[in-house]
Amino acid sequence: VNGVSELSNMVFAARGKKPVVAYASGDAASGAYWIASAADEIVVSETSALGSIGVVGMYQGKSAKSTDAVEIVSSQSPHKRLDPTSDDGRSRIQTRIDSMADVFIGTIARNREVSAEDVQNHYGGGDVMIGAKAVSAGLADRVGSLEGLIAELSSSQKSPRTEGFFNA
């Protein structure tokens, strides 16, 4: 997850300056979808899988360690190492994961100009959607091919000016 939010925000900030189109020919799931959602438009192939919006955390606690290992945590930092087998430890871990998911879902909502509730209720609930179903649900804007998209973007660009004043 490191860097995904930052890259998504950079892509989002580029909107309006240049056309930003994300194309998914295979999976645009989880972090890849987080980034793709920041584009002005998402085009997918018929077989693209989009979504997997959510956070899964794996935590190796005391039960996974060797019986010979001893770990002592400073009394000033009692929550440095959480025990997922205890109610308090599991609750704290769940809070961390839910906080990360709130950022993920909130960013998708901003990027796709929908509510966080809409993302949670209609964007698969952590599952993926394929091609046209992803478009129908709002995860993407249209189905197309990479070749068609390249041709479309190439033909819509104006020829560079060769004389007169230029604006940068």
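The coordinates are above.
Now for a quick tour of the structure. Per chain, residues are indexed from 1 in the order of the written sequence. Local features in this predicted model are restricted to residues of pLDDT 70 or higher, and side-chain atom pairs are both shown and tallied only at a pLDDT of 80 or more, whereas totals for entire chains, interfaces and linings draw on every residue. Excluding hydrogens and water, the side-chain values take into account all heavy atoms of the structure.

Here the focus is the pattern of salt bridges. Between side chains of opposite charge, a pair can form as their charged atoms come close. Salt bridge criterion: a side-chain nitrogen from Lys or Arg within 4 Å of a carboxyl oxygen from Asp or Glu. Evaluated as defined, the whole model comprises five salt bridges. Between R142 and E41 there is a salt bridge, and its shortest N-O distance comes to 2.5 Å. You can see R142 sitting in strand β6 (residues 142-143) and its partner E41 sitting in strand β3 (residues 41-44), a full 101 residues away along the chain. Overlapping salt bridges, with partners in common, bring together E41, R142 and E152 in one network. Per the convention used, a helix needs a DSSP run of H or I reaching at least four residues, while a strand needs a run of E reaching at least two, with both numbered from the N terminus.

At least two DSSP bridges between two strands are required for those strands to pair. Spatial ordering of the open sheet is given by β1-β3-β6, a layout of three strands whose pairing is parallel. Of all the strands in the sheet, the pair left with one neighbour each is β1 (21-24) and β6. For β1 and β3, the ladder comprises four bridges, and the chain directions are parallel. Looking at the pairing, Y23 lines up with V43 of β3. Against the sheet, helix α6 (residues 146-156) contacts β1, β3 and β6, and its axis sits at roughly 160° relative to β1. For this analysis, residues touch if any pair of their heavy atoms sits within 4.5 Å. Only the contacting stretch of a helix is used when fitting its axis, a line to C-alpha atoms as for every element, and angles between N-to-C directions run 0 to 180 degrees.

We now examine the nonpolar core. Here the nonpolar core consists of buried residues drawn from Ala, Val, Leu, Ile, Met, Phe, Trp, Tyr and Cys, with membership extended through side-chain atoms lying within 4.5 Å. Exposure classes here rest on a 1.4 Å probe applied to the protein chains alone. A residue is buried below 20% of its type maximum, exposed above 50%, and partly exposed in between. Within the largest apolar cluster, 24 residues are counted, with the highest numbers of intra-cluster contacts made by Y33, I42, L50, I53, I108, V119 and Y123. Listed by contribution, the elements that provide at least two residues to this core are α1 (4-13), β1, α2 (31-36), β3 and α3 (87-112). Among the elements that line this core, the one with the most residues is α3, at four residues.

Okay, the sheet that holds strand β5 (residues 128-130) next. With respect to topology, three strands assemble into an open sheet ordered β2-β4-β5, the strand pairing being mixed. Each edge of the open sheet is held by one strand with a lone partner, namely β2 (27-29) and β5. Taking each pair of neighbouring strands and ignoring which way they run, the sheet shows an average axis angle of 25°.

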